[in-house]
Amino acid sequence: MTGRPSLKQRLAQKAERQRDYRQRLKERRRPSRTDISVTLFHWLTQRTARKGDWQVFNGVMDKVADRLVARGFDRRETEQAIEALVEKIEDGWEFQRKPEFEDNE
């Protein structure tokens, strides 16, 4: 009877599974949760800035902050992080390109 693999072996297997998973997503060009979240936040911030409807946006961000605090994040740090990201987007920040998705002919 073989024993349980060591922690080092299990971590190596886990890392290999993650690499394989990320490669499959890349090949299928499937966005990650992070890609979707960043895109949504960026679009919502730009739209709000164009329309000037900050009351609704701020209400949504208050709810987001509440959920992050419930997950253990500091409220002040959370609000500052959100504000910094909003300012960055308002100042014209765009996404970093993903060279793996570009045609390299």
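Owing to the predicted nature of the structure, the values given are computational and were not obtained by experimental measurement.

## As for the overall build of the protein
Within the protein, the secondary structure is distributed over four helices and zero strands. The order of α-helices and β-strands along the protein, N terminus first, is α-α-α-α. Expressed as a percentage of its 105 residues, the buried residues of the protein come to 11%. Of the contacts made within the protein by residues no fewer than 6 positions apart, 57% connect residues no fewer than 24 positions apart. In the structure as shown, the protein presents an accessible area of about 9,300 Å², 50% of it carried by carbon and sulfur atoms.

## Concerning the side chain of T48
Here T48 shows up in helix α2 (residues 33-51). The class for T48 is buried, based on a relative accessible area of 3%. Reaching out from T48, the side chain makes a polar contact with the backbone oxygen of L44 at a distance of 2.8 Å. Leaving out residues up to four positions away in the same chain, T48 has contacts with D53, W54 and F57.

## Concerning the packing of aromatic side chains
Two numbers describe a pair of aromatic rings. These are the distance of the centres and the angle of the planes. Counted by the stated rule, this structure contains two aromatic pairs. Ring geometry for F41 versus F57: centroids 6.3 Å apart, planes at 50°, classification tilted. In this pair, F41 is assigned in helix α2 and F57 in helix α3 (residues 54-70), connecting sequence segments 16 residues apart. Ring centres of W54 and F57 lie 5.3 Å apart, and the angle between their planes is 85°; on these two criteria the pair is classed as edge-to-face.

## Considering the pattern of salt bridges
Enumeration over the complete set of coordinates arrives at three salt bridges. Between R19 and E16 there is a salt bridge, with the nearest N and O atoms lying 2.8 Å from each other. Highlighted residues: R19 and E16, both in helix α1 (residues 7-28), separated by three residues, approximately one helical turn. The shortest N-O distance in the salt bridge between R75 and D66 comes to 2.9 Å. Residue class for R75 comes out partly exposed when judged on its relative accessible area of 34%. With a relative accessible area of 35%, D66 lands in the partly exposed category. Among the ionic contacts, a cluster of salt bridges with common partners joins D66, R75 and E79.

## Here's the deal with the confidence of the model for the protein
Summarising the model, the protein shows a mean pLDDT of 88, and 90% of its residues fall at 70 or more. Mean pLDDT in the protein bottoms out at α1, which sits at 90, and peaks at α3, which reaches 96.

Reading the values: rules and limits
- Per chain, the residues get numbers from 1 upward, laid out in the order the sequence is written.
- Only residues with pLDDT of at least 70 are given local features in this predicted model, and only at 80 or more are side-chain atom pairs given and counted; all residues enter the totals for whole chains, interfaces and linings.
- Neither water nor hydrogens contribute to the side-chain values; these are computed over all heavy atoms in the structure.
- Going along the chain from the N terminus, every DSSP run of H or I of four or more residues is numbered as a helix, and every run of E of two or more is numbered as a strand.
- Per-residue accessibility, obtained with a 1.4 Å probe over protein chains only, is compared with the maximum for each type, and a residue is labelled buried under 20%, exposed over 50%, and partly exposed between these values.
- A contact between two residues is defined here by any heavy atoms of the two lying within 4.5 Å.
- Accessible areas in this description were obtained via Shrake-Rupley with a 1.4 Å probe; residue shielding takes into account the shown protein chains only.
- Polar contacts, as used here, are pairs of N or O atoms within 3.5 Å; protein pairs need one atom able to donate a hydrogen and one able to accept it. Residues neighboring in sequence count only if both atoms are side-chain atoms.
- Two rings from Phe, Tyr or Trp (for Trp, the six-membered ring) form a pair when their centres sit within 6.5 Å of each other. Planes less than 30 degrees apart are called stacked, planes more than 60 degrees apart edge-to-face, and all others tilted.
- Just to be clear on terms, a salt bridge is a Lys or Arg side-chain nitrogen sitting within 4 Å of an Asp or Glu carboxyl oxygen.
- pLDDT expresses how confident the predictor is about each individual residue, on a scale running from 0 to 100.

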